Amino acid sequence: SGSFPRNEGCGLADFVRLSLQLYRATGRADYLERAERCLVNGFAHNQYANGDFGSRVFFDQGIQPSPSVNRSWWCCTMHGYRAFRDVLDHAVVERDGTVAVQLFEDVDFQGKKAGLRVRRAPFGLTCEVTGGFEGVLAVREPSWAEAPSLALNSRPQATSRSGGFLLLEGRFAAGDRIEAQLAPRLRLLTAKGAEIPLASLGSDPVRAALFCGPWLVVADEQIDPFFF
């Protein structure tokens, strides 16, 4: 954006919102992954300590001072908080007897019948039932997870799969805990989004981004300005 290589807070917020709306319109779970990738690797880093949103500078070849980074309360801040609203509305949804955990955020959900307290865990997430219900609990099965599985009150459960989700059907009582094991795996992604199998790496160098689960692995120049 502009003469200096920076991102744009408004654009990141709009990308998250568009991806979530595209999932709602199409049911394609890869749109949830696109929203998640932007949310945790771009959008979240554009919020400043005082709550405002703005722009950040990202370099792949080192560090370069830039005067174009700023908090933009007149546009980015507004778009950022509108995006938060969409994230909350899409994190957990209840429809047709199914409670679906779509985004792995810390949220307290109360639907017409079901209640769910979702919290991140080191290798997945926990869902505590706060409002009992009978039906299906669906948890998104991300492509970045290694052998994802569900357990009910620490007991492994047989699940089915549909539309990019793990499905657990039954009667859920208040206090029940569903643990989703979503161990992140290492991935190399090219600029076009293609994954390079780690086993295929040889002596020739390849240019790719290293991901651990949904997170892009980077050197943060604000934490360690002398890394390069």
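Our structure's up above, just so we're on the same page.
With reference to specific residues and values, describe the nonpolar core.
V92, V101, L116, L125, L137 and I178 are the most contacted members of the largest nonpolar core, which has 47 residues in total. Tallying contributions element by element places helix α1 (residues 9–26) first for this core, with six residues. If we skip the residues at most four places from it in the chain, L137 touches V99, V101, L116, L166, L167, L168, F172 and I178.

How would you explain the pairing of strand β4 (residues 115–121) if you had to name every residue and give the values?
Of the pairings in the sheet, the one linking strand β3 (residues 107–110) to β4 comprises four bridges and is antiparallel in character. Paired with V107 across the two strands is V118, which belongs to β4. In this structure, the hairpin formed by β3 and β4 is closed by a connection of four residues. Pairing analysis gives seven bridges linking β4 to strand β5 (residues 124–131), with the strands arranged antiparallel.

Pulling in residues and values, what's your account of helix α2 (residues 30–41)?
Taking 1.5 Å as the rise per residue, α2 with twelve residues should run 16 Å; its terminal C-alpha atoms sit 16 Å apart, in good agreement. Those residues of α2 lying buried are Y31, L32, E33, A35, E36, C38, L39 and N41. For α2, the secondary structure elements touched by its buried residues are α1, α3 (76–91), β6 (133–140), β10 (165–172), β14 (209–212) and β15 (215–216).

Outline the environment of V217, supporting the account with residue identities and numerical values.
Within the fold, V217 resides in the segment after β15. Each C-alpha atom, one on V217 and one on N41, is 9.3 Å from the other, the two residues being 176 residues apart in sequence. Those residues in contact with V217, other than ones at most four positions away along the chain, are L210, F211 and C212.

So what about the packing of α1 against α3? Which residues, and what values?
Closest axis-to-axis distance for the α1/α3 pair is 8 Å, and the angle between their directions is 25°. Judged by the inter-axis angle, α1 sits roughly parallel to α3. Crossing handedness for the pair α1 and α3: left-handed. Contacts between α1 and α3 involve G9, C10, A13, D14, V16, R17, L20, Q21 and R24 on the former and, on the latter, C76, H79, G80, R82, A83, D86, V87 and H90. Here the residues of the contact of α1 with α3 are counted per class, giving seven nonpolar, five polar and five charged.

So, how was this worked out
- For every chain, the first residue of the written sequence is number 1, and numbering continues from 1 along that sequence.
- With pLDDT at 70 or above as the cut-off, local features in this predicted model cover only qualifying residues; side-chain atom pairs require 80 or more to be listed or tallied, and sums for whole chains, interfaces and linings still use all residues.
- Only hydrogens and water are set aside when side-chain values are computed; all heavy atoms of the structure are taken into account.
- Residues belong to one nonpolar core when they are buried, are Ala, Val, Leu, Ile, Met, Phe, Trp, Tyr or Cys, and are joined through side-chain atoms within 4.5 Å.
- Remark: exposure states derive from per-residue accessible area (1.4 Å probe, protein chains only) relative to the maximum for the residue type, with buried under 20%, exposed over 50%, and partly exposed in between.
- A helix here means a DSSP run of H or I that spans at least four residues, while a strand means a run of E at least two residues long, and both kinds are numbered starting from the N terminus.
- Only heavy atoms matter for contacts: two residues are in contact if any of them lie within 4.5 Å across the pair.
- Two strands pair under a simple rule: DSSP has to find at least two bridges between them.
- What a helix is expected to span follows from its residue count: subtract one and scale by 1.5 Å.
- Convention adopted: a line fitted to C-alpha atoms gives each axis, helices being fitted over their contacting stretch, and angles between N-to-C directions are expressed from 0 to 180 degrees.
- An angle below 35 degrees is read as roughly parallel, one above 145 as roughly antiparallel, one from 65 to 115 as roughly perpendicular, and any other as oblique.
- With the far helix as reference, a near helix turned anticlockwise by less than a right angle produces a left-handed crossing, and one turned clockwise produces a right-handed crossing.
- Residues are sorted three ways: Asp, Glu, Lys and Arg are charged, Ala, Val, Leu, Ile, Met, Phe, Trp, Tyr, Cys and Pro are nonpolar, and all the rest, Gly among them, are polar.

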